[in-house]
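Summary of structural features
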Amino acid sequence: MTLTPVLTLEGHKEHVRSISYFPDSKQMISASMDKTARRWDLQEGKEIEEARDVFEQGVFAVAVSKDGRWIITAGGDFDHGGPGEIKAYEVETGIMKTFRGHERMVTCIDSSTNSTLLASGSWDGTARVWNLDTGKLMGGPFKSEDWPGAVLFSSDSKKLAVNFKDDDIANTVYEFDATTLQTSGAPFEGHTKIVTGLALSFDGAILASASDDNTIKFWAFTSQMILTPVEMSDEYYQSDNITFIAYFPDGKQMFSGSLDKITRRWDLESGKEIEEARDVCEEEITAVAVSRDGRWVITGGRRGKRPELKACEIETGMVKRFEGHSRSIICIDISADSTLLASGSYDSTARIWNLETGK
């Protein structure tokens, strides 16, 4: 089944790097390397132009706080260095806060579940924690030899996982107290190659990490103990790395995507792949997501003349393909009610799709 977009959001002059729904699914924020962050009314299908934010440099990451109060944007100069930019816009009042301290482009952000804290990671080799209400630095900077690839708050907002490079290979994940950024216990060590993604189970108990070593490892977030790792057997070992992972809402299964053009579904209780659910895509996988109701698995791909975006309905196995982008898919997001899919692309557009009808 091939679907066309419900809505195409046009206006960005360069590729859309990041997108995020508001909790009510009626609005969306998008970030682009054209130095703008744009807010969209999805019911009208138009940009809320007065809410557009112009940066001095490209916008690399965007997030909406869990309570919908804050829009957070981050970026910097991709090519020539210079200080990173982080801004938080309070939706109701229009107050803009600027967070200064990072010396290079900010590449990853996360807001805490209680919407009071913001974590950021930068090419300057530091991770920092900020208070969204005051704009002040709460923790850090925690310094490393190289840049953090991901920051992720625990569901109780008390812990922060940061993936730093170590000896030029980001194979170690550190846990910090979210308010002091002091390390908590021993680091999560076990991967032999770069860690490419982090995911936290819905109950906040298990941290998962994906790596170029073709494994997904699971850690007890409270004890730093490694649980049963998921590894590719010799039968289907691939040379290309796992790039994205996503939990199912019940925490019993996980979905992974790889540059080998294969998506896999894992039974986390047995530690084995559900092989009949394996999907071979036409292009390399650049993004995966699972809807909050567990009904849909979404994959986005890149390279080649035809970008690939599709949704698989878990219960029926029905696959829906979404056609409209002219260049590679960069990012995807699913609305909180699991009815709408958003996608951002190198074609400088963001598109909205109805997962049920495609209309």
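In what follows, the structure referred to is the one given above.
Residues numbered from 1 in each chain as written. Predicted model: local features only at pLDDT ≥ 70, side-chain atom pairs only at ≥ 80, totals over all residues. Heavy atoms only, no water.

**Digging into unusual backbone geometry**
- Phi angles above zero are rare outside glycine, and K35 is one such case at about 75°.
- Assignment of secondary structure puts K35 in the loop between β4 (27–32) and β5 (36–41).
- For K35, a relative accessible area of 36% puts it in the partly exposed group.
- Positive phi, close to 70°, is recorded for S348, a residue that is not glycine.
- Mapped onto the fold, S348 is located in the loop between β34 (340–345) and β35 (349–354). (Helix = DSSP H or I, 4+ residues; strand = E, 2+ residues; numbered from the N terminus. Buried < 20%, exposed > 50% of the residue type's maximum accessible area, 1.4 Å probe, protein only.)

**What to know about the sheet that holds strand β2 (residues 7–10)**
- If you trace the four strands from one edge of the open sheet to the other, you get β2-β35-β34-β33, paired in antiparallel fashion. Each edge of the open sheet is held by one strand with a lone partner, namely β2 and β33 (329–334). Ignoring which end each strand starts from, the neighbouring axes of this sheet average 20° apart.
- Judged from the five bridges that link them, β33 and β34 form a sheet pairing that is antiparallel. Following the sheet pairing, C331 is matched in β34 by G344. (Pairing = 2+ DSSP bridges. Axes fitted to C-alpha atoms, helices over the stretch in contact; angles between N-to-C directions.)

**Observations concerning the pairing of β5**
- Across the six residues that make up β5, a large majority, five, are buried.
- Alignment of β4 against β5, held across five bridges, turns out to be antiparallel. Looking across to β5, one finds that M28 is bridged to W40.
- Turn length for the β4-β5 hairpin, with the two strands adjacent in sequence and antiparallel, is three residues, and the turn residue K35 shows positive phi of about 75°.
- Bridge analysis of β5 against strand β6 (residues 46–47) gives two bridges, and the strand direction is antiparallel. From the neighbouring strand, W40 faces β6, where its bridge partner is E47.
- Taking the residues that link successive antiparallel strands as the turn, the β5-β6 hairpin has four residues, and the phi of G45 there is positive, at about 75°.

**Details of the pattern of salt bridges**
- Under the criterion given, the structure shown has 15 salt bridges.
- Between E47 and R52 there is a salt bridge, and its shortest N-O distance comes to 2.7 Å.
- Its salt-bridge partner being D347, residue R351 comes within 4.0 Å of it at the nearest N-O pair. Like R351, the residue D347 is buried in the burial classification.
- Bridged by salt links that share partners, the residues D34, R38, E47 and R52 form one connected network. (Salt bridge = Lys/Arg side-chain N within 4 Å of Asp/Glu carboxyl O.)

Geometric values such as these leave the question of function open.
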